[in-house]
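This is what each chain is made of:
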Amino acid sequence: MTRPAPRVVEALNAALHRLFEERTSLHLLGEDVRDPYGGAFKVTRGLSARHPDRVLSTPISEAGITGVAGGLALAGDQAIVEMMFGDFAALAFDQILNLISKSVTMYGDRVPMPVVVRCPVGGNRGYGPTHSQSLQKHFLGVPNLVLYETSPFHDPYAQLAEGLDRGPAMLFEDKVLYTRRMFRDGVVDEHHRYALRGGPTGWAHVSPRDGTAADVVLICPGGTAHRALDAARLLRARGIAAHVLVPARLYPPDLEPVLPLLADARLVAVAEESTEGGTWGAEIAARVHARIWERLRAPVLLLNSADSVVPTAPHLEARVLLGAERIAEEIEAGAARSLPPRAPATPPETFAAEAGEPEAATTDGAEPAAGVPVAVPKLNNNDTAYLVVRWFADDGAHLDEGDPLVELETSKAVEEIAAPAAGHLRVRAAEGSEVGVGELLAELLPEPPAAPGPEARSVAPPDPLPEQLAEPLPEPARAQEPGPATARTHVLDRAQQGTAAVVTRAHREVPVAFAAVEVTVDAVLTRLRTLSDETGAEVGLPEAVVKAVAAAHPAFPHLFGTLVDERTVRLADTVDIGVTMDAGNGLYIPVLRDCAGRSLADLSDDLMDFRLKAFRAEFTAGELSGGCLSVSLNTEPGVLFVQPIVMAPQLCMVSVGGPLTRLVLEDGVPASTTVVTLGLAYDHRVVNGRDAVAFLRAVADALHDAEKLVELVDGQ
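In this report, the structure presented in the accompanying data block is examined. Quantities reported herein were computed from a predicted structural model and do not represent experimental measurements. (Residues numbered from 1 in each chain as written. Predicted model: local features only at pLDDT ≥ 70, side-chain atom pairs only at ≥ 80, totals over all residues. Heavy atoms only, no water.)

1. Regarding the environment of K175
This is how the line gets drawn: The numbering of helices and of strands both runs from the N terminus, where a helix is a DSSP run of H or I of at least 4 residues and a strand a run of E of at least 2. Any two residues whose heavy atoms approach within 4.5 Å are treated as being in contact. By the criterion applied in these results, polar contacts are pairs of N or O atoms within 3.5 Å in which, for protein atoms, one can donate a hydrogen and the other can accept it, and in which residues neighboring in sequence qualify only through two side-chain atoms.
If you trace the backbone, K175 turns up in the loop between strand 6 (169-174) and strand 7 (192-197). It is 8.3 Å that separates the C-alpha atoms of K175 and F41, two residues lying 134 residues apart in sequence. When residues no more than four places from it in sequence are discounted, the contact partners of K175 are F41, F85, P120, V121, G122, R125, Y127, H131 and S132. Of the polar contacts made by the side chain of K175, one reaches the backbone oxygen of H131; its length is 3.1 Å.

2. So, the packing of aromatic side chains
Quick note on the threshold: Between rings of Phe, Tyr and Trp, where Trp is taken as its six-membered ring, a pair exists when centres lie within 6.5 Å; planes separated by under 30 degrees are stacked, by over 60 edge-to-face, and by other angles tilted. Any Lys NZ or Arg CZ found within 6 Å of a ring centre and within 35 degrees of that ring's normal is scored as a charge over the ring.
For the structure on display, the rule yields ten aromatic pairs. The aromatic ring of Y157 is capped on one face by R18, whose charged end is 3.6 Å from the ring centroid.

3. Some details on the environment of L531
Which entries qualify depends on this criterion: The buried label goes to any residue with under 20% of its type's maximum accessible area, the exposed label to any with over 50%, and the partly exposed label to all in between, with areas taken from a 1.4 Å probe on protein chains only.
If you trace the backbone, L531 turns up in helix 12 (residues 522-535). Judged by relative accessible area, which is 8%, L531 ranks as buried. When the C-alpha atoms of L531 and L600 are compared, they prove to be 9.0 Å apart, with 69 residues separating the residues in sequence.

4. Regarding the sheet that holds strand 18 (residues 414-418)
One key point about sheets: their strands pair by backbone hydrogen bonds, in either a parallel or an antiparallel sense. Spelled out, the test is: Should DSSP find at least two bridges between two strands, the strands are taken to pair. A fitted line through C-alpha atoms represents every axis, and for helices the fit uses only the stretch in contact; the resulting angles, taken between N-to-C directions, go from 0 to 180 degrees.
Spatially, 18-17-15-20 is the arrangement adopted by the four strands of the open sheet, whose pairing is antiparallel. In the strand order of this sheet, the two ends are held by strand 18 and strand 20 (434-436), each with one partner. Strand-to-strand twist of the sheet, defined as the mean angle between neighbouring strand axes without regard to direction, takes the value 40 degrees. Sheet analysis places strand 15 (residues 385-391) next to strand 17 (residues 404-409), joined by four bridges and oriented antiparallel.

5. Points about unusual backbone geometry
Of note, the amide linkage connecting G167 to P168 takes the cis form, showing an omega dihedral of 10 degrees. Positionally, P168 belongs in the loop between helix 5 (156-166) and strand 6. Here the residue pair Y251 and P252 is connected by a cis peptide bond, since its omega of -5 degrees sits within 30 degrees of zero. When you line up the elements, P252 lands in the loop between strand 11 (249-251) and helix 7 (259-263). With phi around 60 degrees, D185 is a residue other than glycine that occupies positive phi space.

Geometric descriptors of this kind do not, in isolation, establish any biological role.
What follows is the structure in structure tokens.
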């Protein structure tokens, strides 16, 4: 089996070990960096055991630590400083500004200053106002000071080595990245690839695998990279091809390798987590404007977090920090405002086109229209046509840019298309009709149309085919919009209406039975806490239950199958398990891939990502489809048990309740133990009660039996 890519924290740790082997004069200074603690985020784990004289745990004095590092450099040694949190780099600002950076050139001859200050930065961890900031902008423009930021694309060894050689330098490490996997071999996901431009400390260029040219180029530092990738996926579903650029070196930036790409885009945007004003993004925009102003079709769009301290509460933190949905929305609006393409000017020699750069994409099949045409976007690679589910406005109604326009049903989900411009709607494809990619959906006219277009006639929708409902979807029929809520009514939002539709279908179509068992989980909870400390991943009971369910697949393959007809079950090749996510804005069931073959820590990384996306409602259709069985996670304390719903065409859903304390007798002495209830809802046409109970016991044994527990937690 292919070894998974290392996490960013593991790559950083490996880079430090390599540097310490290569550079005998290198020292590391910081608070609690020695083993067994190994730093607040375990980046320095193992260093002091191998190099005890050169790894120093210091008193709590960021200014003092940084001053000592500067003194070591002046004496001919090299030093790496670890700030426990990047926020505290403000306490070392005087040493960085007035000692380390100035010493390079203020003595007449150039003096080497091989010092790198490492700073864990960023939010989305619930650490609150003084431990969640992104302070990169405050160190821009300091003479002789080079700034880097870790990314999932770049080897941190190259950043640290160059930083020491060019020093002084600062390396900003977004804390969210620590548990993320590095990308490797040019692969991002099924739709995107990446390549490095400008060397190992240059730019990572993420582009669609199908070679689609960039409508939008989104520039972001490494800590914002995953949000930028999620935004690119959202934009792709809305018919906008977004390329993403991630630098290893923030300052001074080298734009030469990417100028041709920027010059050809409809829009260039910069997204970063800092608050606005004097930002890295503004510096990038100024340089782009100065170099290729005559080629730009719109000013560079700057995207930042809200003008606020970072709250501790997750729902408030999510509102303050820049997220993927907001990135996508603002880019979509900015692209719609961009100017038509200018006649290409002869670019200077430094703008020479990149070899093999794909030609700009064109849309075929949309007939000329008097107003703004709305063509069918490419929503996924599996379909060439989609079903028109419903129009959000009547023919002739006026819409503003960005208003909901129409819902299209793909083979995986229902996608909402927004109006690309303001105008009066002329419907060109009726509800219930099938439309191909590139065909004309509607026009947005400056004046109301005289009469509905001839295509706007009622067409009865076809009978729905059984399909995987990974996310609750609304029924494919136009519903009367609910009236406003009053003091005595509660109007369901669209997400809840979709949940109601799925539950109704499940009760109507699937003959469900239910079984439940109770399992003691003290041992697994203890082992999971140790595993979390060892790996840096937050591994808990949900991951263990998912892994235990996946481990039962070889003995019970038909429970993971799909009912094809009354006598045939299609068995699953891989164990892809859906997990329920409800953050208060709708129920989602994203799918964890290959749960049998991947480790608990890997599953934990995905679940953490899913929780953040649930808060922000940022799931893509691909993440919500393809599961062969689902698990309903209700692990809040005190939840006795949950009756799950079988999500057709799946055959089973497992439920896990919250931890409960039970009093038991151990050798005649009362003792407390922790238990949870595991439930199984199953399609009685395929699964019988005997199999259901045996399956639950197998899952329970994996969570309780000592020998099986070791295999579950440590084996994968």
